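Summary of the model geometry
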Amino acid sequence: MIPLFMSLKVAVRVVVAAVVVSFTSPVFSAAPGVHELVSQFDPVNYSNILANALFTRQYHNRFAVTGAHHDLCRDSIYTQFVNAGFSPTYDWFQFQDSNNVTRTACNVIAVKQGVLKPDEIFVAGAHYDSKMNPGADDNATGVAAILEMARIFNQYHFARTIVFVAFDCEEIYEYGGARRRIGSTYYVQQHLEDNMLGMVSVDMIGHEASSTPNTAWLYGYASSEPVTNRLAPALITYGGLEVGLRTTSPNLSDHVAFANAGFPACLLIEAAFSTDNPFYHKSGDFVDQPGNISWNYANKMAKGALGYFAGEIQPVDIAPTGLEPAPLAGGGLRLNFSGLSNCVYAIEVSTDLSQNTWTPVSTNTAGPGGMFWFDDVNSASKSRAFYRARFVSGATSTRPVEIVLDNSAAVFNGSWTTGASSTDKFGADYRFAELPTDSYAEYRPNITVAGNYKLYEWHPQGTNRTTNAPVQIHSLSGTQTLSVNQRINGGKWNLLGTFNFTTGTSGYVRITDDFPAGSGNVVLADALRFVLETP
């Protein structure tokens, strides 16, 4: 007699030939509902993160890059993600500050990959830099919300992917005042090919306005309606809030970078934030300032956002279901299971349940209908055996590894001028150098997967451009210099070749102004794109 122990949702007993097959009760619990996930929000943990992990006390300063507590906060956010079970990443980038000084900044990212539709992505974002102040409301309240959300979500599985991003450099402008939201703009440029279905910037959710109490405001373009139309009812249902929809999307927060790139995105913010909050962008925005943080209101805002994202990424039950075994023609048994389509399951065997020792016998990818099986041709020779199926991993993502660096992410040496008049530019602007003066623009990607990368460049074309723009590629293959005719092929990605890069930032590309005399008046530096070749 061979008992078959499976990860099942039902208990039945069947007889196949002379073998008695026993199915056990469930091993995995069912997927939680949205209400259940929201109910796991912990106000004590939320307030502890806000007060003790994000440097929000009086005299603290998280101003981007140079604030005394900025880097400490960045590393604390990373640790909070680790404590929640993630493997977060530091996403470094460079920019020129308002004094034209090169600065290095960093977004902190944690990803909960979906198991059914991993390429359908939602982004929960909140900036962690402050306006030269403690920034308890603006915006430690938002950061604490996404950290608490991450803690809850990482205990479960979901159909879609959610990316948690603590953005840097939301509160500052780069050199020349060309743009702000530098961290989110950098992130979007790296993910232009992603299928981002919705982004919410959770920004200032802790001060309850006396003029409009218990109210959340949503800002977004008309293109943001796929998000706002579902976020608003979630705030009502799970947060018990009133919702005010704002018809404009001023240059206020990180959602703008996503919306400008064509992704549905909106801002979740406290009502009357600029008129009814006496601590807005002031030194008094610290966590224990009387009248600053309204804890019950902040909890409602965070729970509303949590409920929205939980509904969008869709909790799923990963437990396989055991179906009736079937005898094989040549002897033995086929053990049939039903799981989640395209997910990977392991089938394991044990001869003694009291030892709790399991031996893998098969790894299967469930088909489009979720079916998978294991043929045990030697089952008749076993005196005693127990089998189980176990979820291993979700469906494989088909997203390419891609890095896009706009000129805002480059480091410029020498004399370069910002331009924006060409309509075929990438992003908001580009840089140009008029005469050879040993100037260069250096693009240094942060490679997370070593390999061969196709390198593309983007330039706005024009009759005054050089026909021989020098591009130096520094990779594992050495240094190679190519020439680009910038009078033609503007406004699109142009392939320069394939180059091998190792992990880290040791590889780089320079566009120099060392073009031949008579070949044009200016050289342009706009954007580069690195795409990993798949085997």
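Preceding this paragraph is the structure being described.
Procedures and definitions
- Residues numbered from 1 in each chain as written.
- Predicted model: local features only at pLDDT ≥ 70, side-chain atom pairs only at ≥ 80, totals over all residues.
- Heavy atoms only, no water.
- Helix = DSSP H or I, 4+ residues; strand = E, 2+ residues; numbered from the N terminus.
- Buried < 20%, exposed > 50% of the residue type's maximum accessible area, 1.4 Å probe, protein only.
- Contact = heavy atoms within 4.5 Å.
- Areas by Shrake-Rupley, 256 points an atom, 1.4 Å probe, with all protein chains shown as cover.
- Core = buried A, V, L, I, M, F, W, Y, C linked by side-chain atoms within 4.5 Å.
- Axes fitted to C-alpha atoms, helices over the stretch in contact; angles between N-to-C directions.
- Parallel < 35°, antiparallel > 145°, perpendicular 65-115°, else oblique.
- Nonpolar A, V, L, I, M, F, W, Y, C, P; charged D, E, K, R; others polar.
- Polar contact = N/O pair within 3.5 Å; in protein donor to acceptor, adjacent residues only side chain to side chain.
- Expected span 1.5 Å × (residues − 1).
- Salt bridge = Lys/Arg side-chain N within 4 Å of Asp/Glu carboxyl O.

On a plain count of helices and strands, the protein chain comes out with eight helices and 29 strands. Along the first, second and third principal axes, the C-alpha atoms of the protein chain reach 90 × 60 × 40 Å. Looking at the protein chain residue by residue over its 535 residues, the buried ones come to 56%. A fraction of 76% describes how many contacts in the protein chain between residues 6 or more apart in sequence connect residues 24 or more apart. A total accessible area of about 21,300 Å² is found for the protein chain, and carbon and sulfur atoms account for 50% of it.

Below, the discussion takes up the nonpolar core. Grouped together as the largest cluster of nonpolar side chains are 63 residues, with contacts concentrated most on I77, F153, F164 and L268. Among the elements that line this core, the one with the most residues is helix α4 (residues 136-153), at 11 residues. Every residue in contact with F164, bar those within four places of it in the chain, is listed here: F81, F86, V108, I109, A110, A124, I146, M149, A150 and F153. Counting residues in each nonpolar core, the second largest holds 37 residues, with Y186, V484, F515 and A525 among its members.

Before going further, it helps to examine the packing of helix α2 (residues 43-52) against helix α8 (residues 295-313). Put simply, α2 and α8 touch, their axes get as near as 11 Å, and they point 105° apart. Taken together, the axes of α2 and α8 lie roughly perpendicular to each other. Taken together, the residues of α8 that come into contact with α2 (itself represented by P43, Y46, S47 and L50) are W295, A298, N299 and A302. In the contact of α2 with α8, the residues fall into six nonpolar, two polar and no charged.

The subject of this paragraph is the side chain of H60. Along the polypeptide, H60 turns up in the loop between α2 and α3 (70-83). At 3.4 Å, the side chain of H60 and the backbone oxygen of F55 are in polar contact. Among all residues touching H60, those that are not within four sequence positions of it are F55, H69, N133 and P134.

With 15 residues, helix α6 (residues 225-239) extends 20 Å from end C-alpha to end C-alpha; this agrees with the ideal 21 Å at 1.5 Å per step. Among all positions in α6, only V227, T228, L231, A232, A234, L235 and G239 are buried. If you follow the buried residues of α6, they end up packed against β7 (195-202), β8 (215-219), β9 (242-246), β10 (265-270) and α8. Two residues or fewer past α6, G240 is found with a positive phi of approximately 65°.

Enumeration according to the criterion identifies 14 salt bridges in this entry. R230 is paired through a salt bridge with E312; the nearest N and O atoms lie 2.4 Å apart. Here E312 lies in helix α8 and R230 lies in helix α6, a separation of 82 residues in the sequence. Since its relative accessible area comes to 8%, E312 is described here as buried. Here E348 ties to R390 by a salt bridge, and the two come within 2.7 Å at their closest N and O atoms. Taken together, the residues E348 in strand β14 (residues 344-350) and R390 in strand β17 (residues 386-393) connect sequence positions 42 residues apart. Since its relative accessible area comes to 31%, R390 is described here as partly exposed. Because the salt bridges share partners, they merge into one network encompassing D71, R74 and D75.

Function-wise, these values are silent; they only describe arrangement.
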